[in-house]
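Chain by chain, the residues:
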Amino acid sequence: MVLRARNHDGRQETENAAQAGLDAGSETPSGPPAALQIERVESKTDCHFRNLYASNSNFKQLAKQDADFAAFLKDSGQLDFNDPAAVMQLTKALLKVDFGLRIELPDDRLCPPVPNRHNYILWLKDLMDTTSYEQPGRKLCGLDIGTGASCIYPLLGTAQRPWNFIATDIDVKNLGYARKNVQLNALEDRIQVIERQSDDSLLPLDDADIQSIDFVMTNPPFYVSEDEMLASANEKERPPNSACTGAPVEMVCHGGEVTFVGRLLRESLVLRERVQWYTSMVGKASSLPPLITELRKNNIDNFAVTEFVQGNKTRRWALGWSFSSMRPAQHVAWGINPSLWKQLLPQPVKMDVLVVDAGKPVGGILNKIPEIMGPLELISWVWEVDRAKGRGRARENVWSRAWRRKRLREIADGETADDPMHTDSEECRIGFAIVVKMAIQNTTVSLLWLEGHDYGLFESLGGFVQGRLRDLNCGKAAVAKKSG
Ligand SMILES: C[S@@+](CC[C@H](N)C(=O)[O-])C[C@H]1O[C@@H](n2cnc3c(N)ncnc32)[C@H](O)[C@@H]1O
């Protein structure tokens, strides 16, 4: 039930369902009430894909579904990971069984481990879903830089979402196989493979006459030299230059991944909002600090960092940045352990403004929130009492005393309350959601930052809501805190 809806600028008023969680009911009729799902909302298909590699693959089961893979499996049910042919067959079998995809790969190019590549796609889905006011799962176009022979990211992306891709590479052999793999899956109308030269720009938007795209992804060559690559292969007791390790052209670039992603960052400073999200996987944790320092130096405040874990030892990371104002949800932007990486993380987007312990009365909160927010001169404010959520947008800090005093002076000077000229700006400087979560231990009221670049404004709104809830005596035992 919508109690109040105001929209002064006619902007689209669909909900950012994944972040504000307003669409949870449709897929989970017998699950917890929709209003309580604030962290992640996804369709049954997305849920299936998310859980695919949550536990280790069952090779015996996979062998029953793929005879070619069965031929490599030992009686013990184990696979020889030092045998490149066995590793390649595992990749082919997982793509076939889990995604209905077919691929062909050469022996002397990188053979991608499917769970790791799938993790990147899962994170991208969250990143794109939580930075749009449209429903999750919308049609998007992405660019995969250095797609490899497998063309794995475009194949995985198109298998799960209505996404289209531009895929680039500089290696002729990889390009040939990538095109073949697109054809094998009849995806020519959704994936376009483009040849680039090593000194061309990484982002061929102008060359391909493309005005804008939704995201860029890349798994860049991460070794600084061939020696480093061979030393790493030796450590893992893998055959060098095989499908397990990749060829030097794929794995080595001058300066390694920091230089490659630095190049991407410099190009992004020119293209800016023509791409909503620029992202890259990184193979070494040590690459994150210099890259994040570079983002900050360039005043890029809207970024996200995450970690991909496979099995118990292999770790990879990913970094994304955006010039647009839509902020990713907390679990997407803070995908690394905050106690270890605090200084690398972007500003939090979730603030708990009230926590009421179990047993204390909470009934009034759902009515008090619209009483607090309703009178403010927001661009829009929608409160759904039965879902315990509201969403608003503001031009400026209309909740502050200073703003109210200024407003009273303007009215005294003859402006009417409905005068559209009464604010300094028509632009939205902050989009937010207020979410009430009732759990067994306590009830929490959280403010989520959905849109904007000004963290101070978000903090100020948090302070206002927190103070007013206390004034209204909603939770005497409440403790307000930023959540990480
Ligand atoms: C580590 S491999 C990743 C392959 C595939 N995306 C994957 O994840 O398995 C890096 C790829 O980037 C390609 N590459 C290197 N420099 C490039 C550039 N300047 N532009 C486009 N692709 C490039 C390499 O040929 C190689 O295929």
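Residues numbered from 1 in each chain as written. Predicted model: local features only at pLDDT ≥ 70, side-chain atom pairs only at ≥ 80, totals over all residues.

Chemist: Where do I start with the overall build of the protein in this structure?
Modeler: Of the regular secondary structure elements, the protein holds 17 helices and 14 strands. Per-residue burial over the protein gives 43% buried out of 484 residues. Taking the intrachain contacts of the protein between residues at least 6 apart in sequence as the baseline, contacts between residues at least 24 apart amount to 69%. (Helix = DSSP H or I, 4+ residues; strand = E, 2+ residues; numbered from the N terminus. Buried ≥ 20, exposed ≤ 12 C-beta atoms within 10 Å, placed from the backbone. Contact = placed C-beta atoms within 7 Å.)

Chemist: Explanation requested: the environment of Asn174 in the structure shown.
Modeler: Mapped onto the elements of the fold, Asn174 is located in helix 8 (residues 172-184). For Asn174, a count of 26 C-beta atoms within 10 Å translates into the label buried. In sequence terms Asn174 and Leu105 are 69 residues apart; their C-alpha atoms lie 8.9 Å from each other. Once residues lying within four places of it in the same chain are set aside, the contact partners of Asn174 are Arg109, Gly148, Ala149 and Asp169.

Chemist: Please clarify how helix 11 (residues 256-271) should be interpreted in this entry.
Modeler: Every α-helix carries 3.6 residues per turn, so stepping three or four residues along brings you back to the same face. For helix 11, which comprises 16 residues, the first-to-last C-alpha distance of 23 Å matches the rise-based estimate of 22 Å (1.5 Å per residue) to within 8%. Of all the positions in helix 11, only Gly256, Glu257, Val258, Phe260, Val261, Leu264 and Ser268 are classed as buried. Residues of helix 11 that are buried make contact with strand 4 (213-218), strand 5 (275-282) and helix 12 (288-297). Looking at the residues trailing helix 11, positive phi occurs at Arg272, about 45°. (Expected span 1.5 Å × (residues − 1).)

Chemist: Honestly, the site of the ligand in this entry has me stumped. Any pointers?
Modeler: Taken together, the neighbourhood of the ligand is formed by 24 residues, with Pro112, Gly146, Gly148, Asn219 and Glu250 sitting nearest. Breaking the shell around the ligand down by element, the ones donating at least two residues are helix 7 (152-160), strand 2 (163-169) and helix 10 (248-251). With three residues, the single largest contributor to the shell around the ligand is helix 10. Its residues assigned to classes, the shell around the ligand comprises 11 nonpolar, eight polar and five charged. (Near = placed C-beta within 6 Å. Nonpolar A, V, L, I, M, F, W, Y, C, P; charged D, E, K, R; others polar.)

Chemist: Would you mind going over helix 15 (residues 365-373) with me for this structure?
Modeler: Of the positions making up helix 15, those classed as buried are Leu366, Ile369 and Met373. One side of helix 15 carries all its buried residues, which in axial view fall inside an arc of 55°. Where the residues of helix 15 are buried, they touch strand 10 (380-384), strand 11 (389-394) and strand 12 (430-438). (Arc of directions from axis to C-beta.)

Chemist: Just to check I follow, could you spell out the packing of helix 6 (residues 114-129) against helix 7 for this structure?
Modeler: For any two helices packed against each other, one specifies the inter-axial angle together with the distance between the axes. For the pair helix 6 and helix 7, the least separation of the axes is 10 Å and the interaxial angle reads 55°. By the angle class used here, helix 6 and helix 7 are oblique. In this structure, the crossing between helix 6 and helix 7 has a hand that is right-handed. Here Arg117, His118, Tyr120 and Ile121 of helix 6 lie close against helix 7, whose contacting residues are Ile152, Tyr153, Leu156, Gly157 and Gln160. For the contact of helix 6 with helix 7, a count of residues per class yields five nonpolar, three polar and one charged. (Axes fitted to C-alpha atoms, helices over the stretch in contact; angles between N-to-C directions. Parallel < 35°, antiparallel > 145°, perpendicular 65-115°, else oblique. Left-handed = near helix turned anticlockwise from the far one by under 90°.)

Chemist: In this structure, what is going on with the environment of Leu203? I would like to understand it.
Modeler: As for its placement among the helices and strands, Leu203 is situated in the loop between strand 3 (191-195) and strand 4. Between the C-alpha atom of Leu203 and that of Leu271, which follows or precedes it by 68 residues, the distance is 8.8 Å. Ignoring anything within four residues of it in the chain, the contact list for Leu203 reads Leu143, Val216, Glu267 and Leu271.

Chemist: What should I look at first to understand the pairing of strand 9 (residues 350-357) in this one?
Modeler: Remark: a regular strand shows side chains that alternate across the two faces of the sheet. The element strand 9 is extensively covered by neighbouring structure, given that six of its eight residues are classed as buried. Pairing of strand 9 with strand 13 (residues 442-451) involves seven bridges; the strand directions are antiparallel. Paired with Met351 across the two strands is Leu447, which belongs to strand 13. (Pairing = 2+ DSSP bridges.)

Chemist: Got a minute to help me understand the packing of helix 11 against helix 12 in this structure?
Modeler: In contact at an axis separation of 10 Å, helix 11 and helix 12 are set at 15° when each is read in the N-to-C sense. For the element pair helix 11 / helix 12, the angle class is roughly parallel. Relative to helix 12, the crossing made by helix 11 is right-handed. Residues Val258, Val261, Gly262 and Leu265 of helix 11 touch helix 12, and the partners they reach there are Pro290, Leu291, Glu294 and Leu295. Looking at the contact of helix 11 with helix 12 residue by residue, the classes come out as six nonpolar, one polar and one charged.

Chemist: Just checking my understanding: could you explain unusual backbone geometry for this structure?
Modeler: What is expected of a backbone is that most residues other than glycine have negative phi and most peptide bonds are trans. Here Asp209, not a glycine, exhibits a phi torsion of approximately 55°, which is positive. Checked against the element boundaries, Asp209 lands in the loop between strand 3 and strand 4. A count of 7 C-beta atoms within 10 Å places Asp209 in the exposed class.

Chemist: Whenever I open this one, the nonpolar core confuses me. Can you help?
Modeler: The tendency in soluble globular proteins is for nonpolar side chains to be buried side by side. The biggest cluster of nonpolar side chains holds 108 residues, and the ones touching the most others in it are Phe215 and Phe432. Per-element accounting of this core gives the leading share, seven residues, to helix 6. Per-domain counts for this core show at least three residues from each of domain 1 (18-34 + 349-482) and domain 2 (52-344). Not counting residues up to four positions away in its chain, the partners in contact with Phe432 are Gly392, Leu447, Leu448, Trp449, Leu450 and Leu461. (Core = buried A, V, L, I, M, F, W, Y, C linked by C-beta atoms within 7 Å. Domains from an automatic or database assignment.)

Chemist: Help me out: how do you make sense of the pairing of strand 10 in this one?
Modeler: Across five bridges, strand 10 lies against strand 11 in antiparallel orientation. The residue of strand 11 that forms the bridge with Trp383 is Gly390. Adjacent in sequence and paired antiparallel, strand 10 and strand 11 are bridged by four residues, among which Ala388 carries a positive phi angle near 55°.

Chemist: I would appreciate a short explanation of the confidence of the model for the protein in the present structure.
Modeler: In regions of low pLDDT, the predicted coordinates are not meant to be interpreted in detail. Counting all residues, the mean pLDDT for the protein is 85, and 84% of those residues have values of 70 or more. Contacts of residues 1-39 to residues separated by more than four positions or lying in other chains number 86 contacts, the stretch itself having pLDDT below 50. Note on residues 475-480: pLDDT under 50 across the span, and 16 contacts to partners over four residues away in sequence or across chains. (pLDDT = per-residue confidence, 0-100.)

Chemist: Could you clarify how one ought to interpret the environment of Leu187 in this entry?
Modeler: Here Leu187 is to be found in the loop between helix 8 and strand 3. With 19 C-beta atoms counted inside 10 Å, the residue Leu187 sits in the partly exposed group. It is 8.4 Å that separates the C-alpha atoms of Leu187 and Thr158, two residues lying 29 residues apart in sequence. If sequence neighbours within four positions are ignored, Leu187 has contacts with Thr158 and Val182.

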